[in-house]
Structure formats: structure tokens, C-alpha cells
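Listed here are the chains, written in short residue letters.
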Amino acid sequence: MKLVLIGAPGSGKGTLAGKLVKALNIPAISTGDLLRESIKAGTEIGLEAKKLMDKGILVSTEIIFEMLKERLKKDDTKNGYILDGFPRTIDQAQLLDDYVKLDLCLYLNVDKDKIVQRLTGRRTCKNCGASYNTELHSNDKCDCGGELFIREDDKPEVVAHRFDVYSNQTAPLIDFYKNKGILKVVMGQENPEDTFKKAMELLK
Ligand code: ADP
Ligand code: ZN
């Protein structure tokens, strides 16, 4: 099963992807995570990307797509995968469409108010990258023991900009996949477990 998740930043794609990984036994590939790994590794691409990411600006499609193709060559993708964060523009969707045949696009639909609240309350683990919301998780440590911090791009000014980028560049993908006949919509207002159950219903 080759699956794409789309949704606004803070819609809960990462959390849903994590649950789907366990249920479907295929990897989730997040281009944001791939970029953050190259930042950690201190590569040239990572250093360049960090400047853009901290401002909520999209990194060049060429770089991201090369990175993604490398990742898709790994053995663990042979039974499929879940893409989170790619495609993010119509250009990227077109490139992907020429490269693989997707089975399904899940659109995680969440109201903007909810999203802003989630993003400004988001804390990320320095160690494993897991994210938590201050409303549901009062602890300042991750379950893995790692320290939690506020991502540079989760600061309020940047959140507003990311949301604009999403509305202008990413939201058009909803129609793109609808026209391909592979779009399914999951309402993601509630808690992560309910959202996951709804997604699993749609995958049957
Ligand atoms: P979120 O989905 O919460 O906005 P991500 O971790 O997916 O966060 O992405 C963080 C940043 O990484 C984006 O703001 C952007 O700068 C960069 N990025 C990730 N995926 C892509 C992509 N497919 N195309 C361009 N830039 C990307
Ligand atoms: Zn952790």
C-alpha cells in the first residue's frame, strides 16, 4: 500500500502516520524528518535547508525529491509506505505521479482554530523527534526520556506563515487527488485514537 497523507501543519499527520506504521507494518517517510536528520548530520543540504525551515519557507523541490527517492530505494519500502510532508505542491505531486503509482491519499481535515492551538502548544523531543501537546502532556520529558523543546518553526509568527504556505500551495492537492479518484477525507478534530480508527475504516 502506497499512501500519501495531506493536511495542514499541525493537523496531526505525524501522529496518525506513527499509528498507521504499526497497524500496516510499512514505514512512514516524512520529508520534514529527513531534512531534520540532515541538519543534525551537519550536511551542506541540511545547513541550507535549516535557514528556510526556520522561517517556514519550502525547501527546493529538487533537493527534497532527490532525498525522497534515495529513501524510497531502501528495502523496508518494498511492501509500501506512508508519505508525510510530500508532496506539498502541485509540482511535487506531478513528479511523484510520474515516479510511482499511489493507492490512496488521506486528507486529514482539521479546523484552523484547532490547528493554531495545537501548533503553538507543540513540544518536540530532541532525542527521537516525537511530538506532544502541552494540553495532553504536562511533563517536560518525552516517553523515551529525551528533553522536549519548541521547534523554531512552531513559534507564532512562523506558524502563521506556514499556514499561508499550506493554503496557497498544498491545499490544491486535495482537488488534484480527488480528480485522480484516490482521495479520502478523515475528520481529525478529535483525539488521535479516534482519528486513527476512522482512517483505518477508510483503508479497508
Ligand atoms: P509540518 O508538516 O508540521 O509543517 P514538516 O516537518 O513536514 O512540518 O516540515 C517542516 C519544514 O520542512 C517545512 O516548513 C519546509 O521548510 C520543509 N519541507 C518539508 N517537506 C517539504 C517538501 N515536500 N517540500 C518543500 N519543503 C519541505
Ligand atoms: Zn523521544
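In short, a report on the structure. (Residues numbered from 1 in each chain as written. Chains lettered and ligands numbered in written order. Predicted model: local features only at pLDDT ≥ 70, side-chain atom pairs only at ≥ 80, totals over all residues. Heavy atoms only, no water.)

**Section: helix α7 (residues 156-170)**
Because an α-helix packs 3.6 residues into every turn, residues spaced three or four apart end up facing the same way. Look at α7: 20 Å from first C-alpha to last across 15 residues, which is about the 21 Å you get at 1.5 Å a residue. For α7, the set of buried residues is Val158, Val159, Arg162, Phe163, Val165, Tyr166 and Thr170. Projected onto a plane normal to the axis of α7, the buried residues spread over an arc of 160° and lie on a single side. Of the exposed residues in α7, those oriented more than 90 degrees away from the buried face are Pro156, Glu157 and Asn168. For α7, the secondary structure elements touched by its buried residues are β1 (2-7), β4 (104-109), α6 (112-120), β5 (122-125) and α8 (172-180). (Helix = DSSP H or I, 4+ residues; strand = E, 2+ residues; numbered from the N terminus. Expected span 1.5 Å × (residues − 1). Buried < 20%, exposed > 50% of the residue type's maximum accessible area, 1.4 Å probe, protein only. Arc of directions from axis to C-beta. Contact = heavy atoms within 4.5 Å.)

**Here's the deal with the environment of Met1**
Within the secondary structure, Met1 sits in the segment before β1. In this structure the C-alpha to C-alpha distance between Met1 and Asn109, which are 108 residues apart in sequence, comes to 21 Å. Setting aside residues no more than four positions away along its own chain, Met1 makes contact with Ile26, Asn79, Gly80, Tyr81, Asp103 and Leu203.

**Considering the site of ligand 1**
Neighbouring ligand 1 are 19 residues, the closest being Thr31, Arg36, Ile57, Gly85 and Arg162. Here Thr31 contributes a side-chain N or O atom positioned 2.8 Å from a nitrogen atom of ligand 1. Within the backbone of Val59, an N or O atom sits 3.0 Å from a nitrogen atom of ligand 1. For ligand 1, whose accessible area on its own is 550 Å², the fraction buried by protein is 96%. It is helix α2 (residues 31-41) that provides the largest number of residues to the shell around ligand 1, a total of four residues. Per-class residue counts for the shell around ligand 1 are eight nonpolar, four polar and seven charged. (Near = heavy atom within 4 Å. Polar contact = N/O pair within 3.5 Å; in protein donor to acceptor, adjacent residues only side chain to side chain. Areas by Shrake-Rupley, 256 points an atom, 1.4 Å probe, with all protein chains shown as cover. Nonpolar A, V, L, I, M, F, W, Y, C, P; charged D, E, K, R; others polar.)

**So, the coordination of the zinc ion (ligand 2)**
At this site the zinc ion (ligand 2) is bound by Cys125 (SG), Cys128 (SG), Cys142 (SG) and Cys144 (SG), with donor distances of 2.3 to 2.4 Å. Every donor counted, the four donor atoms about the zinc ion (ligand 2) form angles of 105 to 118° at the centre, which fits tetrahedral coordination. Counting the intervening residues between successive donors of the zinc ion (ligand 2) yields the motif C-x2-C-x13-C-x1-C. Given the relative accessible area of 3%, Cys125 is considered buried. Under the relative-accessibility criterion, Cys128 is labelled partly exposed at 47%. (Donors = N, O, S within 2.8 Å, 3.2 Å for Na, K, Ca; no water. Tetrahedral: all angles 85-135°; square planar, octahedral: opposite > 155°, others 65-115°.)

**Section: the sheet that holds strand β3 (residues 81-84)**
If you walk across this open sheet you meet the five strands as β2-β3-β1-β4-β8, and the pairing is parallel. What marks the edges here is a single partner per strand, and that holds for β2 (28-30) and β8 (183-187). Adjacent strand axes in the sheet meet at a mean angle of 25° when their direction is disregarded. Pairing analysis gives five bridges linking β4 to β8, with the strands arranged parallel. (Pairing = 2+ DSSP bridges. Axes fitted to C-alpha atoms, helices over the stretch in contact; angles between N-to-C directions.)

**Quick notes on the pairing of β4**
Counting buried positions along β4 gives five out of six residues, so the element sits mostly inside the fold. Sheet analysis places β1 next to β4, joined by five bridges and oriented parallel. Bridging from a neighbouring strand, Val4 pairs with Cys105 of β4.

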